[in-house]
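Fold and geometry: a report
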Amino acid sequence: MCWMCNDKAGLVGSPARRKFLKTAGVFGAALATGGVGAVSSVSAQEPPIPKNEIGGEAALKRLMDGNKRYVEGNISPADFQSTRAALAAGQNPFAAILGCADSRVAPELAFDTGRGDLFVVRVAGNVVTPEGLASLEFCVDVLGTQLIMVLGHEKCGAVKAAISSVQSGNQFPGHIQTLVELLRPPVQQAQGEKGDVLVNAIKANVQWGVTALQQASPILDKHFKAGTLKVVGGVYDLDTGKVTMVT
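A short tour of the structure in this document, coming up.

The rules behind the values
Residues numbered from 1 in each chain as written. Predicted model: local features only at pLDDT ≥ 70, side-chain atom pairs only at ≥ 80, totals over all residues. Heavy atoms only, no water. Salt bridge = Lys/Arg side-chain N within 4 Å of Asp/Glu carboxyl O. Helix = DSSP H or I, 4+ residues; strand = E, 2+ residues; numbered from the N terminus. Pairing = 2+ DSSP bridges. Contact = heavy atoms within 4.5 Å. Phe/Tyr/Trp six-rings, centres within 6.5 Å; stacked < 30°, edge-to-face > 60°. Buried < 20%, exposed > 50% of the residue type's maximum accessible area, 1.4 Å probe, protein only. 1 Å grid on protein atoms, 1.4 Å probe; cavity = no way out; pocket = protein on both sides within 12 Å on 5 of 7 lines; lining within 4 Å. Points joined across faces, edges and corners; volume = space filled by probe spheres on them. Nonpolar A, V, L, I, M, F, W, Y, C, P; charged D, E, K, R; others polar.

1. Some thoughts on the pattern of salt bridges
Per the stated rule, a full pass over the model turns up 8 salt bridges. Here Asp112 ties to Arg69 by a salt bridge, and the two come within 2.7 Å at their closest N and O atoms. Of this pair, Asp112 sits in the loop between helix 6 (107-110) and strand 2 (118-122) while Arg69 sits in helix 4 (residues 56-72); the two residues are 43 residues apart in sequence, bridging distant segments of the chain. Two residues, Lys155 and Asp239, come together in a salt bridge whose shortest N-O distance is 3.8 Å. In this pair, Lys155 is assigned in the loop between strand 3 (147-153) and helix 8 (157-168) and Asp239 in the loop between strand 4 (230-236) and strand 5 (243-246), connecting sequence segments 84 residues apart.

2. Regarding the pairing of strand 5
Here strand 4 runs beside strand 5; their pairing, made up of 4 bridges, is antiparallel. By the bridge assignment, Val235 is partnered in strand 5 with Thr244. Following strand 4, the chain reverses through 6 residues before pairing antiparallel with strand 5; Gly241 in that reversal takes a positive phi of roughly 85°.

3. Re the environment of Val243
Tracing the chain through its elements places Val243 in strand 5. In the structure, Val243 is positioned 91 residues away from Gly152 in sequence and 9.1 Å away in space, judged by C-alpha atoms. Every residue in contact with Val243, bar those within four places of it in the chain, is listed here: Met64, Asn67, Phe111, Met149, Leu151, Gly234, Val235 and Tyr236.

4. Observations regarding the packing of aromatic side chains
Considering all chains together, one arrives at 1 aromatic pair under this definition. Summarising the aromatic geometry, the rings of Phe119 and Phe138 are spaced 6.3 Å apart at their centres and angled 50° between planes, so their arrangement reads as tilted. A residue pair is termed long-range when its members are at least 10 positions apart, and Phe119 in strand 2 and Phe138 in helix 7 (residues 130-141) qualify at 19 residues. Each member of the pair, Phe119 as well as Phe138, is classed as buried.

5. So, the layout of surface pockets
The space that makes up the largest pocket amounts to roughly 530 Å³. The wall of the largest pocket is formed by 24 residues, among which Asp112, Thr113, Gly114, Arg115 and Asp117 lie closest to the centre. Looking at the lining of the largest pocket, the elements that each hand over two or more residues are helix 4, helix 5 (81-88) and helix 6. The leading source of residues in the lining of the largest pocket is helix 4, at 5 residues. Looking at the lining of the largest pocket residue by residue, the class counts come to 9 nonpolar, 6 polar and 9 charged.

6. As for the side chain of Asn52
Here Asn52 shows up in the loop between helix 3 (36-41) and helix 4. Taking relative accessible area as the criterion, Asn52 reaches 3% and is therefore assigned buried. Residue contacts for Asn52: discarding those within four places in its chain leaves Arg62, Asn92, Pro93, Phe94, Gly116 and Asp117.

7. Structural notes on unusual backbone geometry
Generally, phi is negative for residues other than glycine and the peptide bonds are trans, each holding for most cases. At the junction of Ser217 and Pro218, the peptide bond is cis and its omega measures out at 10° in the coordinates. Secondary-structure assignment places Pro218 in the loop between helix 10 (197-214) and helix 11 (220-226). Even without glycine at this site, Asp112 takes up a positive phi of about 50°. On the basis of relative accessibility, which here comes to 11%, the residue Asp112 falls in the buried class.

It is worth stressing that arrangement in space is one thing and function is another; only the former is reported here.
Below, the structure written as structure tokens:
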């Protein structure tokens, strides 16, 4: 039985299981055996990065404070050695990012975070796909992360392609058109708004992603309704590096 289907048995969302998977680094083995005996035998221990055990509001403040440092050029020096041993045994990221695959947008840098701090899912157009959703479900339900940010960015090529498809009927080769179709609804919404279509579509796409994750059953919606998950949106400015919240 897969971990997403095992929720009724209390194996996925239990604090003991989250602690086990964070600290022991035995994701595959625990799932293969059902996890019950293994979880009960694990003694309490500190998470790999104790400072990451924070709620959604605190996590959002930490993200935005990090982005402020990034914009101002006051980023923290990288220190991979101090956390290498702890992270080899598990992970407990304080926030998850659903971002675009664009090479100019690197969430770990944009929020001045260290290795193990962010759980990043990236796909062109920062759209919600089944595989991305499954990854975020794991991050929230198993790793215990309480914040997801949908991160778009200005001048997004995927959104530009969707606008071209909607306005001119352009069709793209390979699997690109499949991605474009996922962006069609927010683009159509943006066309009816005042202002620049691309700017409005990028913002609308982030909003669509936020709503989709808040309502995604059977896992994320449960945490959102219980107040143990905060889902927000932001847009990254390529010129300044600043992330502006989208409401």
